[in-house]
Amino acid sequence: MTDPHQPATSPGVDEGDIDRRAALAESLGKEVWPADRDQLIAKAQEGTPPDRVLADLRRLPAGQQFENVQDVARALGIGTEQQRF
């Protein structure tokens, strides 16, 4: 059983990583995948994404396809969980 007084994040993942990944997911939605950097930026700009989201998306490598938010997070060096519970 896990200790309820310990943070519920996976090793190598911090709250900032979770918040950044959540902001990306919220700005991109579920219908955009798979997509490349330009498609992701265009999708995010359909709404009013935080500046950090657009800055992160612009840092993605050109010409690479991303299957989901986890792929984007990995490409940006944002911590991701290695297993799901």
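Residues numbered from 1 in each chain as written. Predicted model: local features only at pLDDT ≥ 70, side-chain atom pairs only at ≥ 80, totals over all residues. Heavy atoms only, no water.

Caption draft 1: Molecular detail of the pattern of salt bridges. Counting across every chain of the model gives six salt bridges. With a shortest N-O distance of 3.5 Å, Arg37 and Asp38 are connected by a salt bridge. Owing to a relative accessible area of 21%, Arg37 belongs among the partly exposed residues under this scheme. With a closest N to O distance of 3.3 Å, Asp56 and Arg52 form a salt bridge. Taken together, the residues Asp56 and Arg52, both in helix α3 (residues 51-58) and four residues apart, mark about one turn of the helix. We classify Asp56 as buried; its relative accessible area is 3%. (Salt bridge = Lys/Arg side-chain N within 4 Å of Asp/Glu carboxyl O. Buried < 20%, exposed > 50% of the residue type's maximum accessible area, 1.4 Å probe, protein only. Helix = DSSP H or I, 4+ residues; strand = E, 2+ residues; numbered from the N terminus.)

Caption draft 2: Representation of the nonpolar core in the model. Core analysis: the biggest nonpolar cluster contains 18 residues, and Leu24, Leu28, Trp33, Leu40, Leu57, Leu60 and Val72 have the highest contact counts within it. At the level of elements, α1 (15-28), α2 (37-45), α3 and α4 (69-76) are the ones that each hand at least two residues to this core. Tallying contributions element by element places α4 first for this core, with four residues. Sequence-distant contacts of Leu57, that is, excluding residues within four places in its chain, are made with Leu24, Leu28, Arg37, Leu40, Ile41, Ala44 and Val72. (Core = buried A, V, L, I, M, F, W, Y, C linked by side-chain atoms within 4.5 Å. Contact = heavy atoms within 4.5 Å.)

Caption draft 3: Here's a closer look at the confidence of the model for the protein chain. Per-residue confidence for the protein chain averages 85 on the pLDDT scale, and 78% of its residues sit at or above 70. In this model, residues 5-11 is a region of pLDDT below 50 whose contacts with residues beyond four sequence positions or in other chains number four contacts. (pLDDT = per-residue confidence, 0-100.)

Caption draft 4: Quick look at the packing of α1 against α4. In the contact formed by α1 and α4, the axes pass within 10 Å of each other and the chain directions differ by 130°. In terms of their interaxial angle, α1 and α4 are classed as oblique. The two elements α1 and α4 meet at a crossing, and its hand is right-handed. Within the contact between the two elements, α1 uses Arg21, Leu24 and Ala25 and α4 uses Val69, Gln70, Val72, Ala73 and Leu76. Among the residues forming the contact of α1 with α4, the class breakdown is six nonpolar, one polar and one charged. (Axes fitted to C-alpha atoms, helices over the stretch in contact; angles between N-to-C directions. Parallel < 35°, antiparallel > 145°, perpendicular 65-115°, else oblique. Left-handed = near helix turned anticlockwise from the far one by under 90°. Nonpolar A, V, L, I, M, F, W, Y, C, P; charged D, E, K, R; others polar.)

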